[in-house]
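Observations on the three-dimensional arrangement
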Amino acid sequence: MYGGGGGGAANANTLFGGGGFMPSQSTAVPESGGGSFSKGRNAQTLLPLTVKQIMDAAQASDDKSNFAIDGVEVSTVRLVGRMLGKVDRVTDVQFILDDGTGKIDVNRWENESSDAKEMADVNDGNYVIVNGGLKGFQGKRHVVAYSVRRVTNFNDITHHFLQCIHVHLELTRSKPPHINASTATPGHANQVRLPNNQATTFSAPGNTAGNDLPDLVMSVLHDPALIDREDGVPIDHIANRLQRPEAVIKEVLNQHESDGHVYNTIDDRHYKSTLNG
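Residues numbered from 1 in each chain as written. Predicted model: local features only at pLDDT ≥ 70, side-chain atom pairs only at ≥ 80, totals over all residues. Heavy atoms only, no water.

With an unreviewed UniProt entry as reference, the chain is termed Replication protein A C-terminal domain-containing protein, source organism Urochloa decumbens. For the record of the chain, the UniProt heading Subcellular location (unreviewed entry) holds the text "Nucleus". For the record of the chain, the UniProt heading Sequence similarities (unreviewed entry) holds the text "Belongs to the replication factor A protein 2 family." (UniProt positions renumbered as here; feature names shortened; annotations may be inferred.)

Right, dumping it as structure tokens:
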């Protein structure tokens, strides 16, 4: 694993450079449509990816606005790499992300003062974690970021690429005939079953069936009164709402972040659901 020093950053391209870990043919979409997430919310699941995977992604629809990787429709992604060519403009910031497998353009709109503060903290040469939407325009792919965070622990780089490998293996290990509303677990309309019988749950507001704490935490993040908060929902608010210790809530949020359900915003104590944008 990487240490906290700059040597870890230098090793990232050595470990993960070249053509990426994936064969390009693995991004082909089955003609039968098997394994593809249905359109809508399911495609909003945040997936950890490499730039090469994005560049090799197949077009998932005739309008060429949607992409599929490993047979799964993808629109929300997480990338980790070096920031290059940062350009500050009046309303947005543009830069190139290089993760050792390829380069991709990234755009971050600065709609709030917190957005500008976030982007002021990162500069060319920094390793950053980018969460955002995958877009295509005139045949060129780019990411519209809603979170750009500087890497302070270089173990995060290792962790990201291990997640990329894990998700790729899980999605290609077995393909159910269809993944759509009919395959959702009974009684959980927002639960989508992934290969290897793993389920990703997105609890709607008020859906607290079974009083499962991870579901309750997501229910708070999906509260209509909190969805529009640009800085996200603070941990202490969730803890007070659910009457649970902050340390327990933080542990649940860390797991949700690892699974791609949430991301932190202005710091590591404010979170938003990836479904809320």
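Moving on from the coordinates now.
**Points about the overall build of the chain**
Each helix and strand in the chain was counted, giving 7 helices and 14 strands. Accessible surface, the chain as shown: approximately 12,900 Å² in total, 50% of it carbon and sulfur. (Helix = DSSP H or I, 4+ residues; strand = E, 2+ residues; numbered from the N terminus. Areas by Shrake-Rupley, 256 points an atom, 1.4 Å probe, with all protein chains shown as cover.)

**A closer look at the pattern of salt bridges**
In this structure the tally under the stated criterion is 10 salt bridges. In this structure, R108 and E118 form a salt bridge, with 2.9 Å as the shortest nitrogen-oxygen distance. One end of the pair, R108, is in strand β7 (residues 103-109); the other, E118, is in helix α3 (residues 113-120), and 10 residues separate them in sequence. Exposure remark for R108: the relative accessible area of 6% places this residue in the buried category. Judged by its relative accessible area of 14%, E118 falls in the buried class. We note a salt bridge from D223 to R241, for which the minimum N-O separation is 2.6 Å. Here R241 lies in helix α6 (residues 235-242) and D223 lies in the loop between α5 (213-221) and β12 (233-234), a separation of 18 residues in the sequence. (Salt bridge = Lys/Arg side-chain N within 4 Å of Asp/Glu carboxyl O. Buried < 20%, exposed > 50% of the residue type's maximum accessible area, 1.4 Å probe, protein only.)

**Some remarks on the packing of aromatic side chains**
Summed over the entire model, instances satisfying the criterion amount to 2 aromatic pairs. Measuring from centroid to centroid gives 4.7 Å for Y146 and Y263, while their planes differ by 45 degrees, and the two rings are tilted. In this pair, Y146 is assigned in strand β9 (residues 140-150) and Y263 in strand β13 (residues 262-264), connecting sequence segments 117 residues apart. On the basis of relative accessibility, which here comes to 18%, the residue Y146 falls in the buried class. (Phe/Tyr/Trp six-rings, centres within 6.5 Å; stacked < 30°, edge-to-face > 60°.)

**So, the pairing of β7**
Bridge count for strand β6 (residues 92-98) against β7 is 7 bridges, and the pairing is antiparallel. Across the sheet, D92 pairs through a bridge with W109, a residue of β7. In textbook terms, the turn of a hairpin is the stretch between consecutive antiparallel strands, and for β6 and β7 this stretch comprises 4 residues, one of which, G100, has a positive phi near 90 degrees. Relative to β9, β7 is paired through 4 bridges, and the arrangement is parallel. What sits directly across from R108, in β9, is A145. (Pairing = 2+ DSSP bridges.)

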